[in-house]
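# Inside the fold
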Amino acid sequence: MKCAACGHENRRSAKVCAKCGAGLKSAPRTPGMAVAHGLIWAAAICISVTVASLLFYRVYYWVAAWQMENYYQRNGVLEPSVEETVLDSGLVGHSIAFFGEDGDHIFIQELRKSYQISGGLVRLDIPDSYWFSSQFSSNPQDVETAESAIVTLTPILYTEKGDQRALPLLTMEIEPPQSPLTMITPEGDFEQVNTSTYLLSFQVVPGSTVLVGNDDVTDVVNFEGLVEVNIEVYPQGDNPVSILVSTPNHKQTRMDVNLYRPYQDINLEPSLTVPKTTNLKTVKITGKVDPTAFLSVDTPYEEGSIILDDDGSFSFNAIMQTIGNNTVTFRASQEGKTDSVVSVVVYYVPSLNTYSRSAWAMDYPALSQYYEIWNGRVFRCDGVIVDVWVEDEEQTMIMDVSEEEGQHQYLVLTNLSSIGTPEIGSKYTAWADVSGHEFYADKDCPKLICRYMSLASS
């Protein structure tokens, strides 16, 4: 600091001049400097508070998460599991499993219920619709507009010894469920039909309101939730049908089905009673046709079996040529009009007695070589099931028909028998017809369709 009396430059903190002893005066602080210093201090304080808040937030929730994660291990109890499920009622829900000692109870405050632990656990199966109902809340959300419901459960453990222990909160995010709807016929949203009426069949949850087109068919929903409605189908191409299902505390589900019936110049349709499966070599096909038209059959049938009545009712005996699906085609012709052509598919499998009588004894080397020539030939297959899987709703089995240990002779079998799922490692007898080949375990194996199957006799 410079002395005003002698001009000597002193230290900034000096009160008197070191040279002349005159008193020193500090330079006055300008208002701008004071404001600047104030702003700097204010900014520093704000930054410090913000950083401290963030640190506190992170530490608090880290500690809470750590406590939640380690609580069950510290207390020797398994952490509860939560998984989505479909309940026996057909409703979508969540299954919550609490683990503990037999005889203890879990009380859920929000459900106002106590559940006893047995076999080491207690399982709560709760439909998702519950969280959107007045049972759970006196002011439930509108399920049609809600994006989700955040559900927090407060479980309390009561031991047989009388101890009470609050367990960590359990939080779930539940999406609004759709009204259950399972199509039976048709299986999807499209089917080509040849008849003037079609039996629309689907499954809903009992208590649902159901509309088919503009008709309320709620009264035909049976106690199992099955709905069957006859739909008129016109030979105009597309016949759209809409299904609307409203289940309480669920979002509405809409399904649009197209029943396609080709345009016809001449009326021709099979009866609804035409069988879809048969064990007989011949099948009687019946229906209605324009009485003024000429009826002919394009696929094999018994000569002389075509009968046409004056009212247009007709019948003929179709011959089943192959095991499996057989397409039967017939047509109506009339001068000046386009032929009307109809095809129906009949699944044919001879009875086990007839089918097994035509079976060849297994010759694996020859079958592996001539499977293309022997397509459709029936074989008796005796062996051990070594693998089973399902893909696209089709079950495939691998049977080892080798008689010598260590020499694997694999058959790939498509299971169409009455046996649901064979037991791996067990020996079975299968009657099957050749359909081609498929690779398994890096080997090119014969592939057959198994129509009948039974456990091998010991």
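Up top you'll find the structure we're talking about.
These remarks concern the structure in this document. Being a predicted model, the structure only gives us computed values, none of them experimental.

What counts as what
- Residues numbered from 1 in each chain as written.
- Predicted model: local features only at pLDDT ≥ 70, side-chain atom pairs only at ≥ 80, totals over all residues.
- Heavy atoms only, no water.
- Patch = residues over 30% accessible without salt bridge, like charges linked within 9 Å, V, L, I, M, F, W, Y side chains within 5 Å.
- Areas by Shrake-Rupley, 256 points an atom, 1.4 Å probe, with all protein chains shown as cover.
- Salt bridge = Lys/Arg side-chain N within 4 Å of Asp/Glu carboxyl O.
- Lys, Arg positive; Asp, Glu negative; His and termini not counted.
- Charge placed at Lys NZ, Arg CZ, Asp CG, Glu CD.
- Helix = DSSP H or I, 4+ residues; strand = E, 2+ residues; numbered from the N terminus.
- Buried < 20%, exposed > 50% of the residue type's maximum accessible area, 1.4 Å probe, protein only.
- Polar contact = N/O pair within 3.5 Å; in protein donor to acceptor, adjacent residues only side chain to side chain.
- Pairing = 2+ DSSP bridges.

## What about a negative patch on the surface?
- Together, Glu 187, Glu 391, Asp 392, Glu 393 and Glu 394 make up a region of like negative charge exposed at the surface.
- Among the secondary structure elements, Glu 187 is positioned in the loop between strand S10 (182-185) and strand S11 (190-192).
- By relative accessible area, which is 71% here, Glu 187 ends up exposed.

## Observations concerning the side chain of Asp 128
- Tracing the backbone shows Asp 128 in the loop between strand S5 (121-127) and strand S6 (149-153).
- Comment: no salt bridge for buried Asp 128; closest opposite-charge side chain is Lys 251, at 12 Å.
- A polar side-chain atom of Asp 128 sits 2.8 Å from a polar atom in the side chain of His 94.

## With respect to unusual backbone geometry
- With omega at -5°, the peptide bond leading from Thr 185 into Pro 186 counts as cis.
- Mapped onto the secondary structure, Pro 186 falls in the loop between S10 and S11.
- Positive phi outside glycine occurs at Arg 112, with the angle close to 55°.
- With respect to the helices and strands, the residue Arg 112 is situated in the loop between strand S3 (105-108) and strand S4 (113-116).
- Classification of Arg 112 by relative accessible area gives exposed; the value is 57%.
- You will see that Glu 393, though not glycine, has its phi angle at about 65°, which is positive.
- Of note, Glu 393 is situated in the loop between strand S26 (378-391) and strand S27 (394-400).

## Topic: the pairing of strand S2 (residues 92-99)
- Burial analysis of S2 places 6 of its 8 residues in the buried class, which makes it a mostly covered element.
- In the sheet, strand S1 (residues 81-86) pairs with S2 via 6 bridges, with the strands oriented antiparallel. Bridging across to S2, Val 86 finds its partner in Val 92.
- From the end of S1 to the start of S2, which pair antiparallel, there are 5 residues, and Gly 90 there has a positive phi angle of about 95°.
- Examined bridge by bridge, S2 and S5 share 7 bridges and lie antiparallel to one another. Across the sheet, Phe 99 pairs through a bridge with Leu 121, a residue of S5.

## As for the pattern of salt bridges
- Counting across every chain of the model gives 8 salt bridges.
- Arg 254 serves as the salt-bridge partner of Asp 256, at 3.1 Å between the closest nitrogen and oxygen.
- Assessed through its relative accessible area of 42%, Asp 256 is described here as partly exposed.
- Take Arg 254: its relative accessible area is 57%, and that puts it in the exposed class.
- One salt bridge in this structure joins Glu 438 and Lys 447, with 3.0 Å as the shortest N-O distance.
- Using a relative accessible area of 25% as the deciding quantity, one classes Glu 438 as partly exposed.
- One salt-bridge network, in which partners are shared between bridges, spans Asp 298, Arg 331 and Asp 339.

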